Amino acid sequence: MMQNDVMTVAKGVLTSYLERNGCRKTPERYAILEAAYGMGSYFTLESLSDKLAESHFNVSRATLYNTMRLFIELRLIIRHRFQTGTRYEACLATSSHCHQVCTVCGSISDIDIPEMVNVMRGVKLKRFRGEQYTLYVYGVCSSCAYRIRKAQAARNQ
Ligand SMILES: [Zn+2]
């Protein structure tokens, strides 16, 4: 899906939810959704709030938090709990995915593991209907590994 289509689908999900539940279609909710989907990859509430402020949309911390909770419920946003803190991700375009998390610097990168699709299809879940999965591979990224090796070499001299 193109980024614009993703945005349209995401807005559609929000609109139908608001209409079904008799909620007001406040411009804040749409502005937050649009900003979240424009964030690229993982983001914090602070960075989202900064981005909204940039476009002169000042929403309170409570509004932002409650709106993000709604988006998580609607599966428009995924909340990740990394060691370095909570990160959010606009997730409509990508369904299931795998992340590499560096335990030294906290950097997160995505990785394609095609085999995981078949593995997860064969997994029997316990009284649970699975819809998506996220796999975290924890370890040390190559630049941290390089720095550690260099530091060790320097110590051994
Ligand atoms: Zn690292």
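Residues numbered from 1 in each chain as written. Predicted model: local features only at pLDDT ≥ 70, side-chain atom pairs only at ≥ 80, totals over all residues. Heavy atoms only, no water.

Turning next to the overall build of the protein chain. In terms of regular secondary structure, the protein chain is built from six helices and five strands. Ordered by position from N to C terminus, the α and β elements of the protein chain give α-α-α-α-β-β-β-β-α-β-α. Radius of gyration (C-alpha) of the protein chain: 19 Å, far over the 15 Å computed for a compact globule of 157 residues. The dimensions of the protein chain, computed from C-alpha atoms along their principal axes, are 70 × 45 × 30 Å. Excluding contacts between residues fewer than 6 apart, the proportion of contacts in the protein chain whose partners are at least 24 apart in sequence is 52%. Of the roughly 10600 Å² of accessible surface on the protein chain, a fraction of 50% belongs to carbon and sulfur atoms. Seen as two clouds, the 21 positive and the 13 negative side-chain charges of the protein chain have centres 8 Å apart. (Helix = DSSP H or I, 4+ residues; strand = E, 2+ residues; numbered from the N terminus. Rg over C-alpha atoms; globule rule 2.2 N^0.38 Å. Contact = heavy atoms within 4.5 Å. Areas by Shrake-Rupley, 256 points an atom, 1.4 Å probe, with all protein chains shown as cover. Lys, Arg positive; Asp, Glu negative; His and termini not counted. Charge placed at Lys NZ, Arg CZ, Asp CG, Glu CD.)

The subject of this paragraph is the packing of aromatic side chains. Counted under the stated rule, the structure contains four aromatic pairs. When the ring of Y42 is compared with that of F82, the centres are 5.7 Å apart and the planes differ by 85 degrees; the resulting orientation is edge-to-face. Residue Y42 is located in the loop between helix 2 (27–37) and helix 3 (45–54), and its partner F82 is located in strand 1 (residues 77–82); the two are separated by 40 residues in the primary sequence. Judged on exposure class, the residue Y42 and its partner F82 are both buried. With a centroid separation of 5.4 Å and an interplanar angle of 90 degrees, the aromatic rings of F82 and Y136 are classed as edge-to-face. With a gap of 54 residues between them, F82 in strand 1 and Y136 in strand 5 (residues 134–139) connect regions that are remote in the sequence. Ring pairs connect the aromatic residues Y42, F82, Y136 and Y138, which therefore count as one cluster. (Phe/Tyr/Trp six-rings, centres within 6.5 Å; stacked < 30°, edge-to-face > 60°. Buried < 20%, exposed > 50% of the residue type's maximum accessible area, 1.4 Å probe, protein only.)

Right, let's talk about a nonpolar patch on the surface for a bit. Among the surface-exposed residues, V119, V123, L125 and F128 lie close enough to one another that they form a single nonpolar patch of about 380 Å² accessible area. Relative to the elements of secondary structure, V123 occurs in the loop between helix 5 (114–122) and strand 5. We classify V123 as partly exposed; its relative accessible area is 36%. (Patch = residues over 30% accessible without salt bridge, like charges linked within 9 Å, V, L, I, M, F, W, Y side chains within 5 Å. Salt bridge = Lys/Arg side-chain N within 4 Å of Asp/Glu carboxyl O.)

A few words now on the pairing of strand 3 (residues 97–102). Most of strand 3 is tucked away, with five of its six residues classed as buried. Pairing analysis gives six bridges linking strand 3 to strand 5, with the strands arranged parallel. Across the sheet, V101 pairs through a bridge with Y138, a residue of strand 5. Bridge analysis of strand 3 against strand 4 (residues 108–111) gives four bridges, and the strand direction is antiparallel. Paired with C98 across the two strands is I111, which belongs to strand 4. (Pairing = 2+ DSSP bridges.)

Further remarks concern the coordination of the zinc ion. Angles at a metal have ideal values that depend on geometry: 109.5 degrees with four tetrahedral donors, 90 or 180 degrees with six octahedral donors. Protein-derived coordination of the zinc ion comes from C102 (SG), C105 (SG), C141 (SG) and C144 (SG), at a distance range of 2.3 Å. Classification of the site at the zinc ion rests on its four donor atoms, whose angles at the metal span 103 to 119 degrees, yielding the label tetrahedral. In the primary structure, the donors to the zinc ion are separated according to the pattern C-x2-C-x35-C-x2-C. Placement of the pair is C102 in strand 3 and C141 in the loop between strand 5 and helix 6 (142–155), with a sequence separation of 39 residues. (Donors = N, O, S within 2.8 Å, 3.2 Å for Na, K, Ca; no water. Tetrahedral: all angles 85-135°; square planar, octahedral: opposite > 155°, others 65-115°.)

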